[in-house]
Amino acid sequence: MNTLSDLANALKEDPLLRCNLCHKSFSCNQQIINAKGETFHSHCFVCSQCFQPFEDGIYYEFENRKYCENDFQLLFAPFCRGCKMFIKGRVIKAINFNWHPECFRCHSCNVLLDSGFIKNALRPFCKECNMREKSKYQNQIMCHECSTPVENDMIRFKGEPYHSYHFNCKLCEQELNSNAREIRGELYCLKCHDKLDIPICSGCHTPIDQERIVYALGKTWHVEHFACAKCEIPFNGSKHFEKRGLAYCEAHYNQLFGNLCFVCNSTITGDVFSFVNKSWCVEHFSCYLCDELMNQKTKFYDFDSKPVCKHCFEKLPSKIRSTILKANDTKEHSKSIFSWIKDK
């Protein structure tokens, strides 16, 4: 590839001959190296990387710069993933690596993969070995990034499981662990997440991000997670009832904490009349003797722990009336005996 010629003969042909690298002229008795029509001083014709002369005059050229064989391979030649040697000739590109054709083999049985392969955890497998490999981890969670089992420090990003060490915090750039939090498509460590002051749902304990927020029971909730403590059906904006730090739908609140009507034995959902530790709904609060309905303005008396209207009371024998009045010290019962609770 390289030839040596005498300076005198070269200068006769071209008196303005210059070195292609240093652009200086040649002195007497100096050898000229001619490489593909370019001329060099002998000390200028060296590798662009190590600055050593080319062994046996062999060099490789890339982007108008010349390199010895070793440096050219280090800088530009593909590197085989299998044998860790430089590749000359045909290259197989697979799984983000380069391979000699004879080195591209099944990771398990070592058979040549010239008829196709299956990628598994950044490793090439033949079809049979891949089936066996998958059966080993059939009941395990596989990382969406590296396709290997996730045993510790798993995080979910955009709904997929990952090893936490595949990610760094958006703010502090520290490697994440299983406590990482996803906000608006970005991952944060717990410390940086807390600095963002984002509300946390009391139901699922995850951030409430760009969604409707329910404020109830002194806490914040996703709309779909604020639900009845009994039936777990979300309220979705409907009426709820609070009791002992929990929220209930109307049906289950009345079932668990509501009053039962003394007459019909059903849960009272409207106004409640309470008298001597008993409750009545509006439709059944009536005089024990005449069955006439009474309301919160009706005057009545306690007749053997039963409500009796004023009209029926006056029909009772005088001795009985005197006994009733003496026992209660009043003709009208106080609020400690009778109460009316209006439905909200």
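Above this text is the structure in question.
All values derive from a computational prediction rather than experimental measurement. (Residues numbered from 1 in each chain as written. Predicted model: local features only at pLDDT ≥ 70, side-chain atom pairs only at ≥ 80, totals over all residues. Heavy atoms only, no water.)

1. Considering the side chain of H163
Thinking step 1. Along the polypeptide, H163 turns up in strand β11 (residues 160–163).
Thinking step 2. Within polar-contact distance, the side chain of H163 engages the backbone oxygen of P149 at 2.9 Å.
Thinking step 3. Setting aside residues up to four positions removed in sequence, H163 forms contacts with C143, C146, T148, P149, V150 and D153. (Helix = DSSP H or I, 4+ residues; strand = E, 2+ residues; numbered from the N terminus. Polar contact = N/O pair within 3.5 Å; in protein donor to acceptor, adjacent residues only side chain to side chain. Contact = heavy atoms within 4.5 Å.)

2. So, helix α5 (residues 250–257)
Thinking step 1. Within the span of α5, buried status applies to H252, Y253 and N254.
Thinking step 2. Check the buried side of α5 and you find it contacts β16 (241–243) and β17 (246–248). (Buried < 20%, exposed > 50% of the residue type's maximum accessible area, 1.4 Å probe, protein only.)

3. Side note on the nonpolar core
Thinking step 1. Among the nonpolar cores identified, the biggest contains 16 residues, and I155, Y162, F167, C169, L176 and L187 are the most heavily contacted of them.
Thinking step 2. Looking at this core, the elements with two or more residues in it are β10 (154–157) and β13 (186–188).
Thinking step 3. Every residue in contact with C169, bar those within four places of it in the chain, is listed here: Q174, L176, L187, Y188, C189 and C192. (Core = buried A, V, L, I, M, F, W, Y, C linked by side-chain atoms within 4.5 Å.)

4. Digging into the environment of F26
Thinking step 1. Here F26 is to be found in the loop between α1 (7–13) and β2 (32–35).
Thinking step 2. Sequence separation between F26 and F40 is 14 residues; the distance between their C-alpha atoms is 9.0 Å.

5. Notes on helix α3 (residues 127–136)
Thinking step 1. Listed as buried for α3 are C129, N130 and E133. In a view along the axis of α3, the buried residues occupy a sector of 100 degrees, so they form one face of it. Exposed residues lying more than 90 degrees from the buried face of α3 are K127, E128, M131 and K134.
Thinking step 2. On its buried face, α3 sits against β8 (118–120) and β9 (123–125). (Arc of directions from axis to C-beta.)

6. Considerations on the pattern of salt bridges
Thinking step 1. Within this structure, the stated rule accounts for 3 salt bridges.
Thinking step 2. The partner of E61 in a salt bridge is K66, with the nearest N and O atoms 3.6 Å apart.
Thinking step 3. E186 is paired through a salt bridge with K170; the nearest N and O atoms lie 4.0 Å apart. Separated by 16 residues along the polypeptide, E186 in strand β13 and K170 in the loop between β11 and β12 (181–183) bring together distant segments of the chain.
Thinking step 4. For E186, a relative accessible area of 31% translates into the label partly exposed.
Thinking step 5. A single network of salt bridges, built from pairs that share partners, joins E38, E61 and K66. (Salt bridge = Lys/Arg side-chain N within 4 Å of Asp/Glu carboxyl O.)

7. What about a nonpolar patch on the surface?
Thinking step 1. A contiguous nonpolar patch, built from F62, L74, L75 and F76 and spanning about 350 Å² of accessible area, is present on the exposed surface.
Thinking step 2. Relative to the elements of secondary structure, F76 occurs in the loop between α2 (69–75) and β6 (92–94). (Patch = residues over 30% accessible without salt bridge, like charges linked within 9 Å, V, L, I, M, F, W, Y side chains within 5 Å. Areas by Shrake-Rupley, 256 points an atom, 1.4 Å probe, with all protein chains shown as cover.)

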